[in-house]
Structures are given as C-alpha cells and as structure tokens.
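Chain by chain, the residues:
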Amino acid sequence: MDASAPVGLLQTLSQADALGRAVALLLLAMSVASWVVILWKAWLLRRAAADLNLSTAAFWQASDLDDAQARLGRFDPQQIVLPLLQAARGLDSAAPHTLAAAGDRSQQLTRVLRDALHRVLHRLQFGQVLLATVGSTAPFVGLLGTVWGIYHALTGIGLDGPFRIEQVSGPVGEALVMTAAGLAVAIPAVLAYNVLGRQIARIEADLEGFARDLRELLAHPGSPS
C-alpha cells in the first residue's frame, strides 16, 4: 500500500474546515457501522442456515410435538424454527369467541405461522436498511467533501498572488481523496447487501416451506399433540 495515501488523507483533514472534517467523520462512522453489521450478519446468517437444516431434520425425526419442541430447544439456539412451532402450539390458548379464534383451524394456523415467520425474518433482515443507505449515500457524501475542498482551493487562488498551477493541483488532488473515501465506504456495503440478501432469501424460502408443512400437519384432527 502506498504510504502517501494516509499521509495525504491526514493532510487533507488537517487543512479542512469544520464541514470538511464533519464529512470525514461521517464517512468514518458509516464505515464502522456497516462493517459491524456485515460481520455480525455474516455470523448470524451462517448460524441460522446451519440451525435451520439441523432443526428441520430433528423436527421430522421426533415422535410427537413435545419431543419436537425439546429437540428444537437443543438444535435451534438462534430461534429460527422454534418460534413457528411455539406459535402453532399456542393456537389452542386463544380466547374463545374472539376474532383470534375465528375461522377454521387451517386459517388460524396460517395466521399465527405467518406472524411468527415475519418476526423471525425481521430479525434476520435487521441491518439491511443500513447497508443499503450507506451504499447509496456514501459516494455522495464523499463527493460533497471533494466539492467543498475544491471550492476552498479555488477561492484561495486570488489570495496568493499570481496564478500558478500548483495552487490548484495540490488542493484539488487532496480534495479528491474524499471521493475515493466515499467509494471505499460504499462498495463493501453494496456487495454485502447483495450477498447477505441472497442468503436471507434462501433461509426465507426454506422457512416458508417448513411453515406450510407444519400447517398441513397440525390442521388435521389426527395430528400429534
């Protein structure tokens, strides 16, 4: 790595005014936040995918729902599949003569399983909005810092006597570092948003399939309890 790059960035920050430093601090905060989310979600989704495979296999090998729930308690520490089973089994606790108990059992199961599925997916999708926001706005934040730095370079030309190319080339080159910093923040966020989004979509498809199978299993009067 070129050692002059951080030196140039530090020189740019040392010569920047309040707005320029605020832009640099904002880019730094966006970078730190996005990398925290990227690392955390990569770990969470990897564990969630593994737990989903183990949990569904353990569920279908159980002798009854009590055994299945006990198995999920051991194989589903990330609470990916277990909330769906708990919601379905809690259906019978709904107060009679209420809208929650209206409709046939299949409709009630569809409703509680859909709500449980949405809660699980909401947890898995947490942070995606931040990655999308950083990926779409960081280049413009960096561009703002560049434009502001160029503006200061141009306004300072008339204060230093006769015009010389060095008066513009140096400050403008340093100001362009902010654009590069904006891209460096945005690119990992965009890539992570796409990769993690595909992983979430695969987990969502598997969970929806399990929810449909569970509804069919519990909707019949002869299902285990």
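Above this text is the structure in question.
Residues numbered from 1 in each chain as written. Predicted model: local features only at pLDDT ≥ 70, side-chain atom pairs only at ≥ 80, totals over all residues. Heavy atoms only, no water.

Points about the overall build of the protein
Here is step 1: Of regular secondary structure, the protein possesses seven helices and zero strands.
Here is step 2: Counting from the amino terminus, helix and strand elements in the protein follow one another as α-α-α-α-α-α-α.
Here is step 3: Taking all 225 residues of the protein together, the buried fraction comes to 35%.
Here is step 4: Carbon and sulfur atoms provide 66% of the accessible area of the protein, an area that totals close to 12,600 Å². (Helix = DSSP H or I, 4+ residues; strand = E, 2+ residues; numbered from the N terminus. Buried < 20%, exposed > 50% of the residue type's maximum accessible area, 1.4 Å probe, protein only. Areas by Shrake-Rupley, 256 points an atom, 1.4 Å probe, with all protein chains shown as cover.)

Things to note about the packing of helix H2 (residues 18–60) against helix H3 (residues 65–75)
Here is step 1: Look at H2 against H3: their axes get within 9 Å of each other, and the N-to-C directions meet at 160 degrees. Put simply, H2 runs roughly antiparallel to H3. Seen along the crossing, H2 lies across H3 with a hand that is right-handed. Of H3, the residues touching H2 (which contributes Asp51, Leu54, Ser55, Ala58 and Phe59) are Leu65, Ala68, Arg71, Leu72 and Phe75.
Here is step 2: Across the contact of H2 with H3, the residue classes break down as seven nonpolar, one polar and two charged. (Axes fitted to C-alpha atoms, helices over the stretch in contact; angles between N-to-C directions. Parallel < 35°, antiparallel > 145°, perpendicular 65-115°, else oblique. Left-handed = near helix turned anticlockwise from the far one by under 90°. Contact = heavy atoms within 4.5 Å. Nonpolar A, V, L, I, M, F, W, Y, C, P; charged D, E, K, R; others polar.)

Section: the environment of Leu124
Here is step 1: One can find Leu124 in helix H5 (residues 105–125).
Here is step 2: Distance in space between the C-alpha atoms of Leu124 and Ile200 is 6.9 Å, their sequence separation being 76 residues.

Looking at the packing of H3 against helix H4 (residues 82–89)
Here is step 1: Contact geometry of H3 with H4 gives a least axis separation of 10 Å together with a crossing angle of 150 degrees. With respect to H4, the element H3 is oriented roughly antiparallel. For the crossing formed where H3 meets H4, the hand is left-handed. Each of Leu65, Asp66, Ala68, Gln69, Leu72 and Gly73 in H3 lies in contact with H4, whose residues at this interface are Leu82, Leu85, Gln86 and Arg89.
Here is step 2: Across the contact of H3 with H4, the residue classes break down as five nonpolar, three polar and two charged.

Re the packing of aromatic side chains
Here is step 1: A complete count under the given rule lists four aromatic pairs for this structure.
Here is step 2: The interplanar angle of 85 degrees and the centroid separation of 6.1 Å between the aromatic rings of Trp40 and Phe126 together place this pair among those described as edge-to-face. Of this pair, Trp40 sits in helix H2 while Phe126 sits in the loop between H5 and helix H6 (128–155), and the two are 86 residues apart along the sequence.
Here is step 3: On the basis of relative accessible area, Phe126 is assigned to the exposed category, the value being 55%.
Here is step 4: Taking 4.8 Å as the distance between ring centres and 90 degrees as the angle between the ring planes, the aromatic pair formed by Phe59 and Trp60 counts as edge-to-face. (Phe/Tyr/Trp six-rings, centres within 6.5 Å; stacked < 30°, edge-to-face > 60°.)

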